[in-house]
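Below are the chains, spelled out letter by letter.
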Amino acid sequence: MGRFRTREGWCVVEHGEVRLESLGVRGRLVRTLRNAKRSHEQRYERGVLRFVGVVLLGAFSVGQLVYRALFVDWRWLPLGVGVFVVVVGVVYAVHVLRRFVRRRFRGYTDDRTIPLRAVDSVEPRQKRLFRAPHVVVRYHEYGDAKKRRIGVCTRTPLAADEFETAKALLLDDHDLPIAPA
């Protein structure tokens, strides 16, 4: 048995299957807070600073809206709320479109369980510009060739170790064939 962190939760390899378990919104928040407490020297990496900058910018923007609504003019409040709703809607639409394109045109599935006996190959893909590290599992099930992308968790100070754990677990421990990346 073994497991490693993914973007959505955990990837557990046991009982002859690869199973993806989701953390949910609350679990992701708890994971983020725990990761913020880890290793003082690694807190100042670029990703953490970028996150802090976005949070501060968001707090400043909300603060401006509250100030204007309370002390200056109520007309700005609906505009600010509308802009916020539009931005959240656009981000969600991009997310849905990206999942659709990945699923429809690249052939990825959303299967949460993959039997180890059906796995043809495993492709570990390193972090590159604009692409997080992930593992692509190619398998045959019910006569169909499928592939599943498993994104390794990058929101932790130990992200490189998680990718190495994923490679070791899938390739070494279970002797799954590796495909050239």
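Quick note: structure is the one above.
Okay, so let's go over this structure. (Residues numbered from 1 in each chain as written. Predicted model: local features only at pLDDT ≥ 70, side-chain atom pairs only at ≥ 80, totals over all residues. Heavy atoms only, no water.)

**Quick word on the overall build of the chain**
Check the secondary structure of the chain and you find four helices and seven strands. Each helix (α) and strand (β) of the chain, taken in turn from the N terminus, gives the series β-β-β-α-α-α-β-β-β-β-α. Expressed as a percentage of its 181 residues, the buried residues of the chain come to 30%. Long-range pairs, those at least 24 residues apart, make up 51% of the contacts in the chain between residues at least 6 apart in sequence. For the chain, the computed accessible surface area is about 12,800 Å², with 61% contributed by carbon and sulfur atoms. (Helix = DSSP H or I, 4+ residues; strand = E, 2+ residues; numbered from the N terminus. Buried < 20%, exposed > 50% of the residue type's maximum accessible area, 1.4 Å probe, protein only. Contact = heavy atoms within 4.5 Å. Areas by Shrake-Rupley, 256 points an atom, 1.4 Å probe, with all protein chains shown as cover.)

**Overview of the side chain of Arg 19**
Relative to the assigned elements, Arg 19 resides in strand S3 (residues 17–22). Looking at Arg 19, its side chain comes within polar contact range of the side chain of Glu 21, at 3.1 Å. The residues touching Arg 19, leaving out its near neighbours within four places in the chain, are Trp 10, Cys 11, Val 12, Glu 14, Arg 112 and Thr 113. (Polar contact = N/O pair within 3.5 Å; in protein donor to acceptor, adjacent residues only side chain to side chain.)

**Some words on the pairing of strand S6 (residues 134–141)**
Among the eight residues that make up S6, six are buried, leaving the element largely enclosed by the rest of the structure. Of the strand pairs in this sheet, strand S5 (residues 119–125) and S6 are connected by six bridges, and their pairing is antiparallel. Residue Ser 121 lies in a different strand from S6, and its bridge partner there is Arg 138. Looking at chain direction, S6 and strand S7 (residues 144–151) are connected through eight bridges and run antiparallel. Within S7, the residue paired with Val 135 across the bridge is Ile 150. Between the antiparallel neighbours S6 and S7 lie two residues, among them Tyr 142 with a positive phi of about 55°. (Pairing = 2+ DSSP bridges.)

**Describing the environment of Arg 19**
Each C-alpha atom of the pair Arg 19 and Asp 111 lies 8.9 Å from the other, and the pair is 92 residues apart in sequence. Among the polar contacts listed, one links the side chain of Arg 19 to the side chain of Glu 17, at a separation of 3.2 Å.

From the geometry alone we can't say anything about function, so treat these as descriptive.
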